[in-house]
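Below are the chains, spelled out letter by letter.
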Amino acid sequence: MAIDDNLPAEARPGHAPGAGIRTSIGLLLLVGGLYVGSQGLTELTDRGIGALCILLALPICWTSFWRARVRRRAFRDFYLTPDGSWHRWIRGGIVMLGTRLLIALALALLLVIGLARLEGRAFWVVLLVTALLWPLSYTACQQLVARQANLRFHRLLATRMHMAAWFAVLLLLLVALAFFEPVPDVRGLSLDEAVMRFTLGYPAQSQALDWGLVASEALRALPHWLIQNLGQSLPSQILSWLAWALVLLREWLFAWPLLLLFQAGQDMLDAGIRDRLREAGLTR
């Protein structure tokens, strides 16, 4: 793909030498770390799960905070006068950072829950391929928006487009895998008993993780319980929509924080951290 030499350096995709290779290697190591860590999640106590969530939440918070700051900067620059008091007050500071940190902690817990219930190696292979292709696909998105977006916000637009594309791919894959998972026989059981049948394979030591796994599996158990017990009394179309909606919700809660973690890894590895700080108004 040709790069326009007339573009400023910060707008050129992959302008840092070796950034793509460094990013791919870092993301491959990240996937490896997630895989190794996922094998023992059910053995961790609440304290261990909490420490892991904090560790994962910090990079997710960074990405979320940067995106929020850049969006706020766009609003301030185009809707407010630069010498007004509102322009200074709403730039996003401690309150925005604290809010994003709380959201990041919640997303990190959802990511840990998703990793704990993830079985099979097919999805891990896909994540390895994703890590290898991530810099190339991001470069393609940057090139696509370079001439369309304002220079100060082209990285945000490219990031959003890039993450949306990978999110669609991972979500479709997770949904497809979910419909091929073996389903327990829950005929004649109450809904509570059906949920417990679905969570038999997840004996988590952590109470928080155990509750999260039960809630996650309930989203999968409910449509199957309805189909097996009330399938003849409810329209099949309604059951089909409900099944799709619940599966999409469950996999969305896993795929989105995972991609935010990937994006945070790229932010730290592609030598563009100074540009990102400047775009968010955190430095000059």
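Our subject is the structure listed above.
About the cut-offs
- Residues numbered from 1 in each chain as written.
- Predicted model: local features only at pLDDT ≥ 70, side-chain atom pairs only at ≥ 80, totals over all residues.
- Heavy atoms only, no water.
- Patch = residues over 30% accessible without salt bridge, like charges linked within 9 Å, V, L, I, M, F, W, Y side chains within 5 Å.
- Areas by Shrake-Rupley, 256 points an atom, 1.4 Å probe, with all protein chains shown as cover.
- Salt bridge = Lys/Arg side-chain N within 4 Å of Asp/Glu carboxyl O.
- Helix = DSSP H or I, 4+ residues; strand = E, 2+ residues; numbered from the N terminus.
- Buried < 20%, exposed > 50% of the residue type's maximum accessible area, 1.4 Å probe, protein only.
- Axes fitted to C-alpha atoms, helices over the stretch in contact; angles between N-to-C directions.
- Parallel < 35°, antiparallel > 145°, perpendicular 65-115°, else oblique.
- Left-handed = near helix turned anticlockwise from the far one by under 90°.
- Contact = heavy atoms within 4.5 Å.
- Nonpolar A, V, L, I, M, F, W, Y, C, P; charged D, E, K, R; others polar.

1. As for a nonpolar patch on the surface
Among the surface-exposed residues, Ile54, Leu58, Leu101, Leu102 and Leu105 lie close enough to one another that they form a single nonpolar patch of about 450 Å² accessible area. Elements with a contribution of two residues or more to the nonpolar patch: helix H2 (46–79) and helix H4 (94–117). Considering every element that reaches the nonpolar patch, the biggest residue donor is H4, with three residues. One can find Leu58 in helix H2. Judged by its relative accessible area of 51%, Leu58 falls in the exposed class.

2. Quick word on the pattern of salt bridges
Scanning the model with the defined rule gives nine salt bridges in all. Arg278 serves as the salt-bridge partner of Asp275, at 2.7 Å between the closest nitrogen and oxygen. Of this pair, Asp275 and Arg278 both sit in helix H10 (residues 273–279), three residues apart, which is roughly one turn of the helix. Given a relative accessible area of 12%, Asp275 falls into the buried group. The class for Arg278 is partly exposed, based on a relative accessible area of 33%. Overlapping salt bridges bring together Arg117, Glu217, Arg220, Arg250 and Glu251 as one network.

3. Quick word on the packing of H2 against helix H6 (residues 154–178)
Interhelical geometry of H2 versus H6 gives an angle of 130° and a closest axis separation of 10 Å. For the element pair H2 / H6, the angle class is oblique. Read as a crossing pair, H2 and H6 show a hand that is left-handed. On H6, the residues touching Trp66, Arg67, Val70 and Arg71 of H2 are Arg155, Leu156, Thr159, Arg160 and Met163. Split into classes, the residues belonging to the contact of H2 with H6 amount to four nonpolar, one polar and four charged.

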